[in-house]
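Below, each chain spelled out in residue letters.
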Amino acid sequence: MLGLMQQWPLLCHKIVDHAARQHGHREIVTRSIEGPIMRTTYGELRERSLKVAQLLTRDGFKRGDRIGTLAWNTGRHLESWYGIMGMGGVYHTLNPRLFPEQIAWIMNHAEDQCLFVDLTFMPIVEAIAPAIQSLKKVIVFTDGAHMPETGLSNVVAYEDWLAGADGDFSWVELDENEACGMCYTSGTTGDPKGVVYSHRSNVLHAMIAALPDAMGVSSRDVILPVVPMFHANAWGLAQTAPLIGAKMVMPGAKMDGASIYELLDTEKVSFTAAVPTVWLMLLQYLEETGKKLPYLNKVVIGGSACPRAMTEKFEKNYGVEVVHAWGMTEMSPLGTLGSIKPEYVELTGDRLFDIKEKQGHSPFGVEMKITDDENIELPWDGKTFGRLKVRGPAVASGYYGGAGADQFDSEDWFDTGDVAHIDPNGYMQITDRAKDVIKSGGEWISTIDLENLAVGHPDVAEAAVIGIAHPKWDERPLLVIVRKQGKEPSREEILQFMEGKIAKWWMPDDVVFVEEIPHTATGKIQKTTLREQFRGYALPSA
Ligand code: AMP
């Protein structure tokens, strides 16, 4: 017997229709690339994205076409997404922090037909456009007055282009399983791989993200997505904020402490999200200026492990709740969030921060398990660690063009490449990337645990641990450290600090000091480069 309920396809443009109808006057505030603060509303978002859809159609772009965006978080970028999706196109976010050759490779692989670009990135586009065979048009997110001189052909200023439309357009009727967005993984090894989101997965993900124990946001929140739209959908906030009708504040190109603080303060932001690096800059600015955060309630921190010291600072010094989160581009991206379940609600002090250091529990819509190398499921005891595998309606079922098929099994479990343990209350903690974990004498050593411990030393700015080949143990840990400016801790001081806090056999065999640790385009430590740099390093124990 079938249910007698309506078929109401989950389409992304329904989010913008809803936002315009129920929250039409709610603002989208942008620090524009040109400089001044610009304000639009959800009502205007709908009108302008309808124009984008109308013009893309008029210009000959079709359902299923990939349309690139190389842009910061702004109201215009948001309009382009909804316009692209609403005419049946596929927005394809490009990460400007990649090398231009990588961006060109990705655009060619996806066969991008058209590109929306911010002024900041015009030099990149000018350099790579001739190499992108499929590219027919470039639309620059600015007005005629700010349009730069350019040798590009078929290029237009966004506002001039938009002026040519009346917005008399109906969203294209689509199947909810059709593609609406694309994002390539950063690819620290091998070629980048394309993740293809569907309307259905994006809508479901936006609803999952809003849940009270996930991001827990409402129309009364003011949301500042610092995490870029080009990094895994701004963790879904580009869809979640309009879905719930929350005011949005878009930071544009400026992510330094002073600029972020100014937006938090003047726009009375209550909720924000980004990687730890951004919050380091903000916390430093707050310490230097003595400023406080009276409006901010909650900050979601993820993308890489949130240091315990950061959580403590936000919560103790500024009264801001930290929710540690883990996810992946392949998961749209949310996987787990560290909101507090009743089992832990009585905890205070260090015991509470022990829980907050974990990456959190999965919301409805994300299934997870840990397995050993033979795919045998491991217990949720908070100690045993294994390969973390996930599945759900907003988890990739494969990569564009069939790459990386070995990461998906016949039961749809996606091997995340992360190594983790899960406690009896369902809180997951990442202990490593599978390819970074150190195998010493047949046992695993978590490099993340060692790094977290080392950055707890007051003179350490950043730490990375890599495995070095060892004749007896197979691999042993080497600790690489960037010292804080003006500080000179010695190797012995660092090791002494770590002693007794971890198993003896986990202790790094050596410590080296460097000026800088290499990072990927998404801000993660680039261990492949580090391993290259220290290949053949002679450990004192070897
Ligand atoms: P990306 O697809 O670029 O977002 O990268 C996803 C990867 O980032 C994950 O597989 C993890 O290795 C890492 N990651 C994301 N969030 C966290 C976190 N909170 N703690 C540790 N690693 C994280």
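Residues numbered from 1 in each chain as written. Predicted model: local features only at pLDDT ≥ 70, side-chain atom pairs only at ≥ 80, totals over all residues. Heavy atoms only, no water.

## Focus: helix α14 (residues 491–498)
Side chains of residues three or four places apart in an α-helix project in the same direction, reflecting 3.6 residues per turn. Buried residues of α14: Ile494, Leu495 and Met498, and no others. All buried residues of α14 project into a common sector of 95 degrees when viewed along the axis, lining one side. For α14, the secondary structure elements touched by its buried residues are α13 (447–455), β22 (460–470), β23 (474–483) and β24 (510–513). Looking one or two places after α14, you find Gly500, whose phi comes out positive at around 85 degrees. (Buried < 20%, exposed > 50% of the residue type's maximum accessible area, 1.4 Å probe, protein only. Helix = DSSP H or I, 4+ residues; strand = E, 2+ residues; numbered from the N terminus. Arc of directions from axis to C-beta. Contact = heavy atoms within 4.5 Å.)

## Comments concerning the pattern of salt bridges
Scanning the entire structure with this criterion turns up 34 salt bridges. In this structure, the salt-bridge partner of Arg48 is Glu159, at a minimum N-O distance of 2.7 Å. Taken as a pair, Arg48 in helix α2 (residues 42–58) and Glu159 in helix α6 (residues 158–162) lie far apart in primary sequence, 111 residues in all. The same class applies to Arg48 and to Glu159, which are both buried. With its nearest N and O atoms 2.7 Å apart, the salt bridge here joins Glu178 to Arg63. Of this pair, Glu178 sits in the loop between α6 and β8 (179–184) while Arg63 sits in the loop between α2 and β3 (66–70), placing them 115 residues apart in sequence. Since its relative accessible area comes to 47%, Arg63 is described here as partly exposed. Residues participating in the shared-partner salt-bridge network are Arg308, Glu312, Lys316, Asp350, Asp354 and Glu357. (Salt bridge = Lys/Arg side-chain N within 4 Å of Asp/Glu carboxyl O.)

## Some thoughts on helix α11 (residues 308–318)
The complete set of buried residues in α11 reads Met310, Thr311, Glu312, Phe314, Glu315 and Tyr318. Considering only its buried residues, α11 is in contact with α10 (276–289), β13 (298–301), β14 (321–327) and α12 (349–356). The positive-phi residue at the C-terminal boundary of α11 is Gly319, with phi of around 65 degrees.

## Some thoughts on the domain arrangement of the protein chain
Domain boundaries in the protein chain define domain 1 (13–199), domain 2 (254–434) and domain 3 (438–533). Its C-alpha centre places domain 2 at a distance of 22 Å from the equivalent point of domain 3. Across the boundary between the two partners, domain 2 contributes 10 residues, which contact 8 residues of domain 3. A combined buried area of about 940 Å² lies between domain 2 and domain 3, and 54% of that area is made up of carbon and sulfur atoms. Per-residue buried area on domain 2 facing domain 3 is highest for Phe385, Thr431 and Asp432; these three make up 40% of the total on that side. Between the two partners, domain 2 and domain 3, sit 0 salt bridges. Our count for the contact surface shared by domain 2 and domain 3 stands at 3 residue pairs in polar contact (both at pLDDT 80 or more). The leading source of residues in the side of domain 2 that touches domain 3 is strand β19 (residues 428–433), at 3 residues. A per-class count over the side of domain 2 that touches domain 3 returns 4 nonpolar, 3 polar and 3 charged. (Domains from an automatic or database assignment. Buried area = accessible area lost by both parts, 1.4 Å probe. Polar contact = N/O pair within 3.5 Å; in protein donor to acceptor, adjacent residues only side chain to side chain. Nonpolar A, V, L, I, M, F, W, Y, C, P; charged D, E, K, R; others polar.)

## Remarks on the pairing of strand β18 (residues 414–422)
Of all 9 residues that make up β18, 9 are buried, and the element is covered over most of its length. Bridge count between strand β17 (residues 386–391) and β18: 4 bridges; the pairing is antiparallel. Bridging from a neighbouring strand, Gly386 pairs with Ala420 of β18. Pairing of β18 with β19, which is carried by 5 bridges, proceeds in the antiparallel orientation. Looking at the pairing, Val419 lines up with Asp432 of β19. (Pairing = 2+ DSSP bridges.)

## Describing the side chain of His421
In this fold, His421 is placed in strand β18. His421 gets classed as buried once you look at its relative accessible area, which sits at 10%. Only 3.4 Å separates the side chain of His421 from the backbone oxygen of Gly382, close enough to count as a polar contact. Contact partners of His421, with chain neighbours within four places excluded, come to Ile370, Gly382, Lys383, Thr384, Phe385, Tyr427, Met428, Gln429 and Thr431.

## Concerning the packing of aromatic side chains
Counted according to the given criterion, the structure contains 16 aromatic pairs. Taking 5.8 Å as the distance between ring centres and 70 degrees as the angle between the ring planes, the aromatic pair formed by Phe116 and Trp161 counts as edge-to-face. Here the residue Phe116 occupies a position in strand β5 (residues 114–117), and Trp161 occupies one in helix α6, the gap between them amounting to 45 residues. On the accessibility criterion, Phe116 (0% relative accessible area) is buried. One aromatic cluster is present, formed by Phe116, Phe141, Tyr158 and Trp161 through successive ring pairs. In this structure, Lys14 is placed above the aromatic ring of Trp8, and the distance from its NZ or CZ to the ring centre is 4.1 Å. Positioned above the aromatic ring of Phe497 is the side chain of Lys501, whose terminal nitrogen or guanidinium carbon lies 3.8 Å from the ring centre. (Phe/Tyr/Trp six-rings, centres within 6.5 Å; stacked < 30°, edge-to-face > 60°. Lys NZ or Arg CZ within 6 Å of the ring centre and 35° of its normal.)

## Some words on the packing of helix α7 (residues 199–210) against helix α8 (residues 237–244)
Contact geometry of α7 with α8 gives a least axis separation of 8 Å together with a crossing angle of 70 degrees. Classified by the angle between their axes, α7 and α8 sit roughly perpendicular to one another. Contacts between α7 and α8 pair Asn202, Val203, Ala206, Met207, Ala209 and Ala210 from the former with Gln239, Thr240, Leu243 and Ile244 from the latter. Partitioning the contact of α7 with α8 into residue classes produces 7 nonpolar, 3 polar and no charged. (Axes fitted to C-alpha atoms, helices over the stretch in contact; angles between N-to-C directions. Parallel < 35°, antiparallel > 145°, perpendicular 65-115°, else oblique.)

## A closer look at the environment of Phe141
Among the secondary structure elements, Phe141 is positioned in the loop between β6 (137–140) and β7 (155–157). In this structure Phe141 comes out as buried when scored by relative accessible area, which is 1%. Distance from Phe141 to Tyr158, taken between C-alpha atoms, is 5.0 Å for residues 17 residues apart in sequence. If we skip the residues at most four places from it in the chain, Phe141 touches Glu34, Ala71, Arg76, His77, Ser80, Phe116, Val117, Asp118 and Tyr158.

## Overview of the site of the ligand
Surveying the vicinity of the ligand reveals 16 residues, the closest of which are Ala325, Thr329, Gln359, Asp418 and Arg433. At a separation of 2.8 Å, an oxygen atom of the ligand approaches a polar side-chain atom of Arg433. At 3.2 Å, a side-chain N or O of Lys524 approaches an oxygen atom of the ligand. The element best represented in the shell around the ligand is β14, accounting for 4 residues. For the shell around the ligand, the per-class residue count stands at 4 nonpolar, 9 polar and 3 charged. (Near = heavy atom within 4 Å.)

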